[in-house]
Amino acid sequence: MRKAPIVHTDDLAAGGAMTDQRFSIVIRGGTVVLPQGVARVDIGIRDETIAAIGEHLGAGITEIDAAGQIVTPGGVDPHAHIEQISGAGLLNADSFESATTSAAFGGTTTVISFAAQHVGLALDRVVADYHNLADRGAVIDYAFHMILADPSELTLKTHLPKLVKEGHSSIKVFMTYDRIKLDDEQMLDVLAAARDNGALVCVHAENHGMISFMSKRLLANDLTAPSAFWMSHPRLAEVDAIQRLVTMSQLVDQPIMVFHVSTAEGAEVVRKARADGVKFFGETCPHYLLLTADDVNKPGLEGAKWMCSPSLRTASDQDALWQALARDDLQVISSDHAPYRFDASGKLNAGVNPTFKQIANGLPGLEVRLPLLFDAAVTQGRLGLERFVELTSTVPAKLYGLYPNKGALAIGSDADIAIWNATKSVRLSASMLHDRAGYTPYEGHVVRGWPETVLSRGRIAVRDGTLHLTPGSGRFLARAAGEAAKPLGQPSAEFARLTANATPARRSSVA
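Throughout what follows, the structure given in this document is the object of discussion. Predicted model, so just to flag it, every value in this text is computed and none were measured.

**Some points on the side chain of Thr155**
- Mapped onto the elements of the fold, Thr155 is located in helix α3 (residues 153-165).
- On the accessibility criterion, Thr155 (3% relative accessible area) is buried.
- Ignoring any residue separated from it by four or fewer positions in sequence, one finds Thr155 in contact with Gln117, Leu123, Leu148, Asp150, Leu160 and Pro161.

**Some thoughts on the sheet that holds strand β11 (residues 256-258)**
- Reading across from one edge, β6-β7-β8-β9-β10-β11-β12-β13 is the order of the 8 strands in this open sheet, with parallel pairing throughout. Among the strands making up the open sheet, the edge pair consists of β6 (75-77) and β13 (332-333).
- Where β11 meets strand β12 (residues 280-284), 3 bridges bridge the pair, whose relative direction is parallel. Paired with Ile256 across the two strands is Phe280, which belongs to β12.
- Of the strands in this sheet, β11 and β12 are in contact with helix α8 (residues 264-275), which crosses β12 at around 155 degrees.

**Concerning the pairing of strand β3 (residues 49-54)**
- A large share of β3 lies buried, amounting to 5 of its 6 residues.
- As paired strands, strand β2 (residues 37-46) and β3 are joined by 5 bridges and run antiparallel to one another. Of the residues in β3, the one forming a bridge with Asp42 is Gly54.
- Once β2 ends, the chain turns through 2 residues before running back antiparallel as β3, passing Asp47 with a positive phi of about 55 degrees.

**Side note on the side chain of Ser215**
- With respect to the element layout, Ser215 can be found in helix α5 (residues 208-220).
- Not counting the four nearest positions on each side in its chain, Ser215 is found in contact with Ser232, Phe356 and Lys357.

**Things to note about the pattern of salt bridges**
- Taken as a whole and assessed by the stated rule, the structure comprises 27 salt bridges.
- Of the charged contacts in the structure, one is a salt bridge between Glu48 and Arg457, with a shortest N-O distance of 3.1 Å. Of this pair, Glu48 sits in the loop between β2 and β3 while Arg457 is found in the loop between β15 (446-456) and β16 (459-463), placing the two residues 409 residues apart along the sequence.
- For Asp141, the salt bridge goes to Lys406, with nearest N and O atoms at 2.7 Å. Taken together, the residues span a long stretch of sequence, with Asp141 in strand β8 (residues 141-147) and Lys406 in the loop between α12 (385-399) and β14 (417-427) at a distance of 265 residues.
- The exposure class of Asp141 is buried, given its relative accessible area of 0%.
- We classify Lys406 as buried; its relative accessible area is 1%.
- Beyond isolated ion pairs, a larger network of salt bridges with shared partners links Glu48, Asp141, Lys406, Asp414, Asp416, Arg457 and Arg475.

**What to know about helix α2 (residues 123-137)**
- For α2, with 15 residues, the first-to-last C-alpha span of 21 Å sits near the 21 Å given by 1.5 Å per residue.
- Among the residues of α2, those classed as buried are Leu123, Val126, Val127, Tyr130, His131, Leu133, Ala134 and Gly137. Across the axial projection of α2, the buried residues extend over an arc of 165 degrees, all falling on one side.
- Those residues of α2 hidden inside the fold are in contact with α1 (96-105), β7 (108-116), β8 and α3.

**Side note on unusual backbone geometry**
- With omega at -5 degrees, the peptide bond leading from Ser309 into Pro310 counts as cis.
- When you line up the elements, Pro310 lands in the loop between α9 (286-290) and α10 (315-327).
- The omega torsion across Tyr403 and Pro404 is 5 degrees, close enough to zero to call that bond cis.
- Considering the arrangement of structural elements, one finds Pro404 in the loop between α12 and β14.
- Backbone geometry places Arg457, a non-glycine residue, at a positive phi of 50 degrees.
- The exposure class assigned to Arg457 is buried, which follows from its relative accessible area of 4%.

**Description of the environment of Cys202**
- Mapped onto the elements, Cys202 comes out in strand β10 (residues 200-204).
- We classify Cys202 as buried; its relative accessible area is 0%.
- Residues contacting Cys202, with those up to four places away along its chain left out, are His145, Ile171, Lys172, Val173, Met257, Phe259 and Tyr400.

**Some words on the packing of aromatic side chains**
- Taken as a whole and assessed by the stated rule, the structure comprises 12 aromatic pairs.
- These aromatic residues form a ring-pair network of at least three members: Phe96, Tyr130, Tyr142, Phe144 and Phe476.
- The ring centre of Phe114 lies 4.7 Å from the NZ or CZ of Lys172, which sits over that ring.
- Above the plane of the ring of Phe342 lies Lys305, whose end atom (NZ or CZ) is 5.0 Å from the centre.

**Considering the state of the cysteines**
- Per the counting criterion, the structure on display carries 0 disulfides.
- For Cys202, which is in no disulfide, the shortest distance to another cysteine sulfur is to Cys285 and amounts to 12 Å.
- Cys285 takes part in no disulfide bond, and the closest cysteine sulfur to it belongs to Cys308, at a distance of 8.1 Å.
- By relative accessible area, which is 0% here, Cys285 ends up buried.

Here is what the cut-offs are and how they apply
- Residues numbered from 1 in each chain as written.
- Predicted model: local features only at pLDDT ≥ 70, side-chain atom pairs only at ≥ 80, totals over all residues.
- Heavy atoms only, no water.
- Helix = DSSP H or I, 4+ residues; strand = E, 2+ residues; numbered from the N terminus.
- Buried < 20%, exposed > 50% of the residue type's maximum accessible area, 1.4 Å probe, protein only.
- Contact = heavy atoms within 4.5 Å.
- Pairing = 2+ DSSP bridges.
- Axes fitted to C-alpha atoms, helices over the stretch in contact; angles between N-to-C directions.
- Salt bridge = Lys/Arg side-chain N within 4 Å of Asp/Glu carboxyl O.
- Expected span 1.5 Å × (residues − 1).
- Arc of directions from axis to C-beta.
- Phe/Tyr/Trp six-rings, centres within 6.5 Å; stacked < 30°, edge-to-face > 60°.
- Lys NZ or Arg CZ within 6 Å of the ring centre and 35° of its normal.
- Disulfide = S-S within 2.5 Å.

Written out as structure tokens, the structure is:
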């Protein structure tokens, strides 16, 4: 355990004795993951924030004994589909109440979900309606990405600037799915608008033509079951799309986050882009690290429970992704929580004998993200405790403009905290989880390490297996995009010349 500096607030006397106001909560004697390193210290909380970190802090109104346990920042999950209509028009299984309850039980205290525009919908109305859902349901804090499927002049020049100023500083776009995909010119329009307004662009990167080409031929050859699904999303579709994104980023000098990297080759494209100086980021997900395409190969329709896009890959891809995370080629591990029940309301909405093209893509995973990764990265030693915290909390908070309020155990930060029993073994089962999917792709998987006590803004969220928060008590997190979204100032020569030569009245239309 590396010795971290001990820090105190001004109202702590030598040795940490209180001189005036008591703490509302003291977490005492845990092994604490601080920005400076790991130390065995106490954490003093007043109301919603961390007020002191040090040894032998004074008394709290509530005392939590964390001796022998690991104390980390609450998780930040920057990729969760909650109470959202998909590109195929299907509402997923979770409400804000069920999804954020599930998150809290798994140690996650902040989620970023998606206000999803569809073609013909006004973006400002979409975001307002989504706020109403979250305001009445969320039990933990949240922010939104805005999905753009209709990048019209009204969207990009009127609604987007206003919404970014209001704290919605990240955009998601799709390069595939018939109803919501953008072509290359539309992608560039979005990148330029994001650059002009200071927003980060996040992308589902797969070549739509390759997917369509393969799907039609699979169906024509009567390969229709979920077991054929992985062939319809060829790995080259991901590789090509990420490569094109790198080039687009270079053209207009707009930073990009590529979501859910699933292949060794895709991770290599991200690595090379970053090495070449492109401002490019990448995330992956637990299912790409822990599951493979073999999991989809179940009898009948059972494999539909493991269908997600991009497809699950191979064991060698898993190894490559773990290495990419260790080297910081990829910076984030999100859940990509996309819950659809295995019934007519979800995966089987097209009937009892659907083709893989008619089955909703997506896996539930919001609650199990952190326990799965604690087991794999910390207990099994793949990455270690500090890198686990970086990938699941600190770095996503920094990239999406939430740090240092979120993602850190530091004085002045929100008291979002997970207290882990590192020796507790849990066999995962749908019956113990709190989302509404009704199944888990990790059924029977045993993890060692579990967040037994979770705090959200100084409130005890989960303790003794019980939720202590109420629907609507979560808070919207308005945010600026921060450093991650700032252009490098190195656009392509052609785009730079175009921007320089544009008149002031026309400059916003090119930059």
